[in-house]
Amino acid sequence: MSDKFQAVVIGGGPGGYVCAIRLAQLGLKTACIESRGSLGGTCLNVGCIPSKNLLNISENYHKAKNFSKLGIEVGEVKLNLQKMMQNKDKAVTILTKGVEFLFKKNKVTYFKGTGSFKSANKISILDDQKKETIIEADKTVISTGSVPVELPGMEFDEKIIVSSTGALTLQSVPKKMVVVGGGYIGLEMGSVWSRLGAEVHVIEFLEHITPGMDREISSEFMKILKKQGINFHMQTKVEGIKKNINGAIVSTSDKDGKKVNFDCDVVLISVGRKPNTTNLNLEAIGVGLDEKKRIKTNKAFQTNVSNVYAIGDVIDGPMLAHKAEDEGIAVAENIAGQSGHVNYDIIPGVVYTTPEVASIGKTEEQLKEANIKYKIGKFSFMANSRAKAIDEAEGFVKILADEKTDKVLGAHIIGPHAGELIGEIGVAMEFGASAEDIARTCHAHPTFSEAVKEAALSVDKRAIHS
């Protein structure tokens, strides 16, 4: 006789494990199925956490090489890539084991294996020894995340042609790396290997990097990355990748049809991600998909099969860990009879390069398209005393507010600790704050957050330090 659960979550990533814990907190007998062998999904294992570890260490390495400019005389700074990778792996292990502890603490049953539907209430779990376990579920939440998109004929081998996963485990610093795609992930990983000594070339089909980002921020971002030594080839199409004994040759053509070949050691393909729904056997129960193979849900995250729900990267919306987490909590509360919801207008996005880039709410382009009249407040980190004091003064804070009501509609930051600073504006927007509200709030001195206050003052053209 199979085990029966009130709720089963398929996928133990940021959305799935948070959902399972919340379901258990709400008193439901809960199980979570994860195929990877460790919890935390792409984010903890091969995404957010290991990439941020390498971004931090590579930035420290870069700074250490330039200590003499600050009056710190040191010996030769050497890179030990093996130790760096061990440090990254240790951070991943600690965090994934931490999630396992949280499952035990909250009495969530954890199954290691691939979950798929036998029927709307029966789920098959196939472990790595091909042993099958069948469990029953009153309600099921699909949270299986996403996988990197491959280009036709340019499949990942994770050695020469790599996805973000392979880019996190390179055994040596490539002399030359080509990054296909100028989005968040490609620029983060390109930054890591550039700091460690690689010559990095970014090939982007569009005329700007970071599609969807406020265009002014995007332009400033590219200028800064160019100064750091990253090469950009815009409006350029990749036509083929041919591996050879030295690495690969990337064949491209620009907007005028000019052909250019790039010889390189490693090619990182970072052109987006797609929903990971392949092994779920959704057709067996008739779960509906949209034209992008995402699972269709209503506002309660419910699919067309009434007891099956979906969250995170497998449904519509930005493929972000924190978006999945919020959906995980919301769907758990809905299943338990409460009223969970997610405010999709206030989901931040962050690029963890140096400087960081963070955005929340509407961009100028979106406001113009919607014919919404707005005011702009901007403040440069060049005029922020904390940023100047520690020589991290690149970038600015930009706040967009409604022309009549002064309500904050969006904010975009490029500069030190932008990913942390955006949180203040997120809270303000959640409470319907005006730029005046932020401007009237006392900020500690000297801090980076004063740049946010000054940008809010600037909305009404009364910034003090600019």
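Residues numbered from 1 in each chain as written. Predicted model: local features only at pLDDT ≥ 70, side-chain atom pairs only at ≥ 80, totals over all residues. Heavy atoms only, no water.

Draft legend 1. Just the overall build of the chain, in detail. When its secondary structure is counted, the chain shows 13 helices and 22 strands. Burial analysis of the chain (466 residues in total) assigns 51% to the buried set. The long-range fraction of contacts in the chain, counting pairs at least 24 apart against all pairs at least 6 apart in sequence, stands at 61%. Of the accessible surface of the chain, which amounts to about 22400 Å², a share of 50% is contributed by carbon and sulfur atoms. Averaging the locations of the 58 positively and 56 negatively charged side chains of the chain gives two centres separated by 2 Å. (Helix = DSSP H or I, 4+ residues; strand = E, 2+ residues; numbered from the N terminus. Buried < 20%, exposed > 50% of the residue type's maximum accessible area, 1.4 Å probe, protein only. Contact = heavy atoms within 4.5 Å. Areas by Shrake-Rupley, 256 points an atom, 1.4 Å probe, with all protein chains shown as cover. Lys, Arg positive; Asp, Glu negative; His and termini not counted. Charge placed at Lys NZ, Arg CZ, Asp CG, Glu CD.)

Draft legend 2. The arrangement of the packing of helix 1 (residues 14–25) against helix 4 (residues 81–105) in detail. Axis separation between helix 1 and helix 4 bottoms out at 10 Å; the angle between their running directions is 20 degrees. For the element pair helix 1 / helix 4, the angle class is roughly parallel. Every pair of crossing elements has a handedness; the one defined by helix 1 and helix 4 is left-handed. Between helix 1 and helix 4, the contacting residues are Tyr17, Ala20 and Ile21 on the first element and Val99, Leu102 and Phe103 on the second. Counted by class, the contact of helix 1 with helix 4 contains six nonpolar, no polar and no charged residues. (Axes fitted to C-alpha atoms, helices over the stretch in contact; angles between N-to-C directions. Parallel < 35°, antiparallel > 145°, perpendicular 65-115°, else oblique. Left-handed = near helix turned anticlockwise from the far one by under 90°. Nonpolar A, V, L, I, M, F, W, Y, C, P; charged D, E, K, R; others polar.)

Draft legend 3. Just helix 1, in detail. When the terminal C-alpha atoms of helix 1 are compared, their 17 Å separation across twelve residues agrees well with the 16 Å that a helix rising 1.5 Å per residue should span. Three or more residues of helix 1 are buried, namely Pro14, Gly15, Gly16, Tyr17, Val18, Cys19, Ala20, Ile21, Arg22, Leu23 and Ala24. Residues of helix 1 that are buried in the fold lie against strand 1 (3–10), strand 2 (30–34), helix 2 (41–46), helix 4, strand 6 (132–142) and helix 8 (321–335). Just past helix 1, the residue Gly27 takes up positive phi, approximately 95 degrees. (Expected span 1.5 Å × (residues − 1).)

Draft legend 4. Summary view of the nonpolar core. Ranked by internal contacts, the top residues of the largest apolar core, which has 50 residues, are Phe103 and Ile142. It is helix 1 that contributes the most residues to this core, seven residues altogether. Sequence-distant contacts of Phe103, defined by excluding residues within four places in its chain, comprise Tyr17, Ala20, Ile21, Cys32, Leu39, Val108 and Tyr110. Within the second largest apolar cluster, 36 residues are counted, among which are Leu170, Ile209, Val266 and Phe396. (Core = buried A, V, L, I, M, F, W, Y, C linked by side-chain atoms within 4.5 Å.)

Draft legend 5. A look at the layout of surface pockets. Taken as a whole, the second largest pocket encloses approximately 1300 Å³ of empty space. What lines the second largest pocket is a set of 37 residues, among which Glu59, His62, Lys63, Thr354 and Glu392 lie closest to the centre. Residue assignment for the lining of the second largest pocket shows that the elements contributing at least two residues are helix 3 (48–65), helix 6 (184–195), helix 7 (215–227) and helix 11 (418–430). Considering each element in turn, the lining of the second largest pocket owes the most residues, eight residues, to helix 3. Of the residues assigned to the lining of the second largest pocket, the class counts are twelve nonpolar, twelve polar and 13 charged. (1 Å grid on protein atoms, 1.4 Å probe; cavity = no way out; pocket = protein on both sides within 12 Å on 5 of 7 lines; lining within 4 Å. Points joined across faces, edges and corners; volume = space filled by probe spheres on them.)

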